[in-house]
Amino acid sequence: MNDFYVRKENKIAKVALIILIFSAIFWLGALNVRDIITNEIMIMEKLEFRPNINPMVERSVMSLIAKSSTVVLGSYLLVWISGVIYLWKTNLVLKKNGWLLMSAILFYIFTPVEIYTGFLDGKMIYLDYFTQGDFVEFRKLLVHRIAALSGASRIAQLCYYTIIVITVLQPFKKN
C-alpha cells in the first residue's frame, strides 16, 4: 500500500484542523446571521434603509449587527491562524492534493478584502460598545461595508462556500 494513505497526521495538525473546522462553523454562521439581520433594516437592491423604522428597533438591530461582527472577526482570525498552522504541519502534499491547494488559494486570496471589511466592522463595533450609538455614522459604515470594494466581500463569501464543496468532493487528488 502506498505510504501516501498510511501516514498519520501529527497532533499539531489534528488540533489545528479541529480548531479550523469549529471556528469556520462559527464564522460562516455569524456571516449568515449578520446578513439576515441587515436585511431587516435595509433594502439591499437599492442600498437604502427601510422607511419608518422605529429608532429603538433600529438601535437593537445595529447592536445585533455589531455583536455578530464581533463573532465574525474573532472566528475569522482563528480560521486564518489555524489554517496556516494546518498547512504548515500537515503530512498532505499540496502537489498530490489539489483540492487542498485550491481551498487554500480561495481562502487566503481574500485576506486583504477581509482585513478592509474587518476594519469597517471594527468601527461599527466601537460605535456600538463604546459610544452612545450614532445612527448616522453607523448607517454610513453599514452601507459602506456592504458596498465595499464593489462587492468583493460577496464574491469572497461565495468562494468560502465553494471551499466546503471542494473539501467534501476532493477533486484533483492524485493517487
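Residues numbered from 1 in each chain as written. Predicted model: local features only at pLDDT ≥ 70, side-chain atom pairs only at ≥ 80, totals over all residues. Heavy atoms only, no water.

Draft legend 1. Structural detail: the packing of helix H5 (residues 111-130) against helix H7 (residues 152-169). One way to put it is that H5 packs onto H7 with a least axis distance of 10 Å and a crossing angle of 125°. Taken together, the axes of H5 and H7 lie oblique to each other. Here H5 runs over H7; the crossing is left-handed. Here Val113, Glu114 and Thr117 of H5 come into contact with H7, specifically with Ala152, Ser153, Ala156 and Tyr160. Looking at side-chain class alone, the contact of H5 with H7 contains four nonpolar, two polar and one charged residues. (Axes fitted to C-alpha atoms, helices over the stretch in contact; angles between N-to-C directions. Helix = DSSP H or I, 4+ residues; strand = E, 2+ residues; numbered from the N terminus. Parallel < 35°, antiparallel > 145°, perpendicular 65-115°, else oblique. Left-handed = near helix turned anticlockwise from the far one by under 90°. Contact = heavy atoms within 4.5 Å. Nonpolar A, V, L, I, M, F, W, Y, C, P; charged D, E, K, R; others polar.)

Draft legend 2. Geometry of the packing of aromatic side chains. Applying the stated criterion to the full structure yields ten aromatic pairs. Centre to centre, the rings of Phe110 and Tyr160 are 6.4 Å apart; their planes meet at 80°, and the pair counts as edge-to-face. On the criterion of sequence distance, the pair formed by Phe110 in the loop between helix H4 (98-108) and H5 and Tyr160 in helix H7 is long-range, its members being 50 residues apart. Tyr160 carries the same exposure label as Phe110, and that label is buried. Connected via pairs of aromatic rings, a cluster forms that spans Trp27, Tyr76, Trp80, Phe107, Tyr108, Phe110 and Tyr160. Geometry around Trp88 places Lys89 over its ring, the cationic atom sitting 4.4 Å from the centre. (Phe/Tyr/Trp six-rings, centres within 6.5 Å; stacked < 30°, edge-to-face > 60°. Buried < 20%, exposed > 50% of the residue type's maximum accessible area, 1.4 Å probe, protein only. Lys NZ or Arg CZ within 6 Å of the ring centre and 35° of its normal.)

Draft legend 3. Highlighting the side chain of Thr111. Of note, Thr111 is situated in helix H5. Given a relative accessible area of 13%, Thr111 falls into the buried group. Setting aside its immediate chain neighbours within four residues, Thr111 contacts Tyr76 and Trp80.

Draft legend 4. Geometry of unusual backbone geometry. Although it is not a glycine, Leu47 adopts a positive phi angle of roughly 55°. Tracing the backbone through its elements, the reader meets Leu47 in the loop between strand E1 (42-43) and strand E2 (48-49). For Leu47, a relative accessible area of 28% gives the class partly exposed. A positive phi angle is found at Gln170, which is not glycine, with a value near 50°. Tracing the chain through its elements places Gln170 in the segment after H7. With a relative accessible area of 26%, Gln170 lands in the partly exposed category.

Draft legend 5. Here's a closer look at helix H2 (residues 11-41). Compared with the 45 Å implied by 1.5 Å per residue over 31 residues, the 46 Å span of H2 between its first and last C-alpha is a close match. Looking at H2, one finds that the buried residues are Ala13, Ala16, Ser23, Ala24, Trp27, Leu28, Ala30, Leu31, Arg34, Ile37, Thr38 and Ile41. (Expected span 1.5 Å × (residues − 1).)

Draft legend 6. Molecular detail of the environment of Phe107. Within the element layout of this structure, Phe107 appears in helix H4. Setting aside chain neighbours within four positions, we find Phe107 in contact with Trp27, Tyr76, Val79, Trp80, Tyr160 and Ile163.

Draft legend 7. Just a nonpolar patch on the surface, in detail. Among the surface-exposed residues, Ile12, Leu77, Trp80, Ile81, Val84 and Ile85 lie close enough to one another that they form a single nonpolar patch of about 490 Å² accessible area. With five residues, helix H3 (residues 55-89) is the largest single contributor of residues to the nonpolar patch. Mapped onto the elements of the fold, Trp80 is located in helix H3. (Patch = residues over 30% accessible without salt bridge, like charges linked within 9 Å, V, L, I, M, F, W, Y side chains within 5 Å. Areas by Shrake-Rupley, 256 points an atom, 1.4 Å probe, with all protein chains shown as cover. Salt bridge = Lys/Arg side-chain N within 4 Å of Asp/Glu carboxyl O.)

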